[in-house]
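# Chains, contacts and geometry: an overview
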Amino acid sequence: MSWPLASFTILAVALAAGFAWYERSRPSSRTVAAVATLAALATLGRIAFAPLPNIKPTTDIVLIAGFSLGGAPGFAVGAVAAIASNIVFGQGPWTPWQMLAWGLVGLLGAALARWPRPIPRVVMALICAAAGFGYGAILNLSTWVTFTGQHSLAQFGAIEGAAFSFDVAHAIGNLVFFLAFGPALIRVLARLRARLEVAWGLVGPASLALLAGLSLVAVSDRVPAASAAARGSPVAYVERTQNQDGGFGLGPGQASSQLATAWVVIGLEASGVDAARVTRAGHNPVAWMRGHLGALQGPGDVERTIIALAAARAPLGNLVPLLRRAIRRDGSVAEQANLTAFEVLALGAARQRSGIAAAAAWLERNENADGGFGFGTRGDPTDIDDTAAAVEALVVARASSAAETRAARFIAANENRDGGYPLQPGGASDAQSTAWVVQALAALHRDAAAPLRYLRARTRPSGAVDYAAGNDQTPVWVTAEALSAFAGRPLN
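Residues numbered from 1 in each chain as written. Predicted model: local features only at pLDDT ≥ 70, side-chain atom pairs only at ≥ 80, totals over all residues. Heavy atoms only, no water.

By the element assignment, Ile384 lies in helix α15 (residues 384-397). In the structure, Ile384 is positioned 53 residues away from Val437 in sequence and 7.5 Å away in space, judged by C-alpha atoms. The contacts of Ile384, once residues within four sequence positions are left out, are Phe410, Asn414, Tyr421, Pro422, Leu423, Ser433 and Val437. (Helix = DSSP H or I, 4+ residues; strand = E, 2+ residues; numbered from the N terminus. Contact = heavy atoms within 4.5 Å.)

On to the pattern of salt bridges, then. Counted under the stated rule, the structure contains eight salt bridges. The partner of Arg313 in a salt bridge is Glu269, and the shortest N-O contact between them spans 3.2 Å. Here the residue Arg313 occupies a position in the loop between α11 (298-311) and α12 (319-324), and Glu269 occupies one in helix α9 (residues 258-270), the gap between them amounting to 44 residues. Residue classification places Arg313 among the partly exposed residues on the basis of a relative accessible area of 47%. Residue Glu269 is classed as buried on the basis of its relative accessible area, which comes to 2%. A salt bridge links Arg406 to Glu367; the nearest nitrogen and oxygen atoms lie 2.9 Å apart. With Arg406 in helix α16 (residues 401-413) and Glu367 in the loop between α14 (356-365) and α15, this residue pair connects regions lying 39 residues apart in the sequence. (Salt bridge = Lys/Arg side-chain N within 4 Å of Asp/Glu carboxyl O. Buried < 20%, exposed > 50% of the residue type's maximum accessible area, 1.4 Å probe, protein only.)

All right, on to the nonpolar core then. If you look at the biggest cluster of nonpolar residues, it comprises 91 residues, and the most contacted ones within it are Leu268, Ile306, Leu363 and Leu455. Beyond its immediate stretch of four places on either side in the chain, Leu455 contacts Ala431, Thr434, Ala435, Val438, Ala485 and Phe486. Formed by 36 residues, the second largest nonpolar core is a distinct cluster that contains Leu38, Val62, Leu63 and Tyr135. (Core = buried A, V, L, I, M, F, W, Y, C linked by side-chain atoms within 4.5 Å.)

With that out of the way, let us pick up unusual backbone geometry. Here the phi dihedral of Arg313 falls at roughly 60 degrees; this positive angle occurs in a residue that is not glycine. Even without being glycine, Arg351 reaches a positive phi, approximately 60 degrees. Mapped onto the elements of the fold, Arg351 is located in the loop between α13 (337-349) and α14. On the basis of relative accessibility, which here comes to 56%, the residue Arg351 falls in the exposed class.

The subject of this paragraph is α11. The first and last C-alpha atoms of α11 sit 21 Å apart over 14 residues, in line with the 20 Å expected at 1.5 Å per residue. Here α11 lies mainly inside the structure; 13 of its 14 residues are buried. Of the residues flanking the end of α11, it is Arg313, one or two places downstream, whose phi is positive at about 60 degrees. (Expected span 1.5 Å × (residues − 1).)

This paragraph deals with the packing of aromatic side chains. Under the criterion given, the structure shown has five aromatic pairs. Taking the centre distance of 5.0 Å and the plane angle of 80 degrees together, the rings of Phe49 and Phe177 count as edge-to-face. Highlighted residues: Phe49 in the loop between α2 (29-48) and α3 (58-69) and Phe177 in helix α7 (residues 153-197), separated in sequence by 128 residues. Overall, the relative accessible area of 14% leaves Phe177 in the buried class. Ring geometry for Phe177 versus Phe181: centroids 6.1 Å apart, planes at 50 degrees, classification tilted. In this pair, Phe177 and Phe181 both sit in helix α7, four residues apart, roughly one turn of the helix. (Phe/Tyr/Trp six-rings, centres within 6.5 Å; stacked < 30°, edge-to-face > 60°.)

Bringing the environment of Pro461 into the picture now. Turning to its location among the elements, Pro461 is positioned in the loop between α18 (449-457) and α19 (476-487). By relative accessible area, Pro461 is classed as exposed at 78%. Residues Pro461 and Pro234, spaced 227 residues apart in sequence, show a C-alpha to C-alpha distance of 9.3 Å.

Running from N to C, helix α4 (residues 71-89) and helix α5 (residues 95-113) point in directions that differ by 150 degrees, and their axes come no closer than 7 Å. The orientation of α4 relative to α5 falls into the category roughly antiparallel. Where α4 crosses over α5, the handedness of that crossing is right-handed. Across the interface between the two elements, Gly71, Gly74, Phe75, Gly78, Ala79, Ala82, Ile83 and Asn86 of α4 pack against Thr95, Gln98, Met99, Trp102, Gly103, Leu104, Gly106, Leu107 and Ala110 of α5. (Axes fitted to C-alpha atoms, helices over the stretch in contact; angles between N-to-C directions. Parallel < 35°, antiparallel > 145°, perpendicular 65-115°, else oblique. Left-handed = near helix turned anticlockwise from the far one by under 90°.)

Take the packing of α3 against α4 next. When two helices pack together, their arrangement is given by the angle between the helix axes and by the axis-to-axis distance. Interaxial distance between α3 and α4 falls to 6 Å at its minimum, and their mutual angle equals 160 degrees. It follows that α3 is roughly antiparallel to α4 by the angle criterion. Considering only the axes of α3 and α4, their crossing is right-handed. Note on element contacts: α4 touches α3 through Gly71, Pro73, Gly74, Val77, Gly78 and Ala81, opposite Thr58, Val62, Ala65, Gly66 and Leu69. Here the residues of the contact of α3 with α4 are counted per class, giving six nonpolar, five polar and no charged. (Nonpolar A, V, L, I, M, F, W, Y, C, P; charged D, E, K, R; others polar.)

Taken together, the side chains of Leu44, Ile47, Ile87, Val88 and Phe89 make up a nonpolar region of the molecular surface, amounting to roughly 480 Å² of accessible area. Among the elements that line the nonpolar patch, the one with the most residues is α4, at three residues. With respect to the helices, strands and loops of the structure, Phe89 is situated in helix α4. Phe89 sits in the partly exposed class, given a relative accessible area of 36%. (Patch = residues over 30% accessible without salt bridge, like charges linked within 9 Å, V, L, I, M, F, W, Y side chains within 5 Å. Areas by Shrake-Rupley, 256 points an atom, 1.4 Å probe, with all protein chains shown as cover.)

In this structure, Gln242 sits in the loop between α8 (234-240) and α9. Apart from residues lying up to four places away in sequence, Gln242 is in contact with Gly247, Phe248, Val278, Thr279, Arg280, His283, Asn284 and Pro285.

For the rest of this paragraph, the subject is α4. The end-to-end C-alpha separation of α4 is 27 Å, in line with the 27 Å expected for 19 residues at 1.5 Å each. A positive backbone phi angle near 105 degrees is found at Gly90, which sits one or two residues after α4.

Right, dumping it as structure tokens:
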């Protein structure tokens, strides 16, 4: 077998494995949309900077995709960007090598997301620069394999030397591009992922309460958790979607994931159901979560898992120390209000008071002038979800009642006529944001009749909860979140 044939055989196997991995992960429609958008952005970035040889933001975008969305999506963004951009630049034997090289950059980003501590901006920029050299080395290898006949180390060294100036330009461009837009893109993607990965927190300073102080006995349009299973309502629907391995997927029939399984565990426990006793083929979701802790990526995953396992009264292992390594000196996690709010909820769930006051103080300093909170720091666009999460965290922290009052006023001012709430003020109501609000109102001991009526209107006879009016999608995670809102009683 010739060198080119052998190399292309290896390439084909590697690329096929990467795409098979992506497909087997059964990405949600939102993840597919994000991958497509980022691949298009990476492609356009390469085309836009074509007049500047080897200076383009493609490598940075691919690395950030892997860092924010995970290994399989990161690989897909890199591989698709290579083949798509070569429609303009020309396809050839170099295309599979470029697909592999950028796919590996996406995997590098996913590996960086597993680092237990926040990575400083400058360090990330330097890593992007190094990724440029790594990409160049793979392309230089492709030249050595495909277009030379000697295949000696001396020949490879000559190719590396000839390409060095181009690789340096690529690395410098990566560094500059990341410093310019990298952190902003990471925040945007983190916000997207958080929208998919919301986990209901524990409300109440010392108890394992998902909802505190709200009795649904006083709410006329409620869905009682105690009778939910008998009526074929959300509890029964969620239980029917359980996979054979005991876990839950983002939608019925999808592969089990830590994200969906944690949401379901939290929802079941809030409804008074012992999640460890919800079994399929002898497997339960709590055991599934504990057996797949290696799949956690970043502090958001850790926070959500702590909340779920604590709700199920399961051992937390080393998750709390892992979370503490991600907490900055100012008390925040990654200077993001979303992650910092769930830091408080996770520590409260684990009965760990240390660090909660500092995190709450950081949240108070980053409350927007309108009383709401954005995903990141003060000044980020205010949204309903992050405001509700911050309210729950401030209650757990026993923090400033003034900050809670301002946030409650913001929430009340943005209720839609249908009783539901949108993600962004002025938008259409959806079940997820409305469930967040019910949680916040419960924490504040305030009436939640209107948003509960909205959630009931979104509930089908099967028990599945539609995402929004006119949107008949019924992801398991939306129904699981609605469970916590419907339950209305603390977990002790």
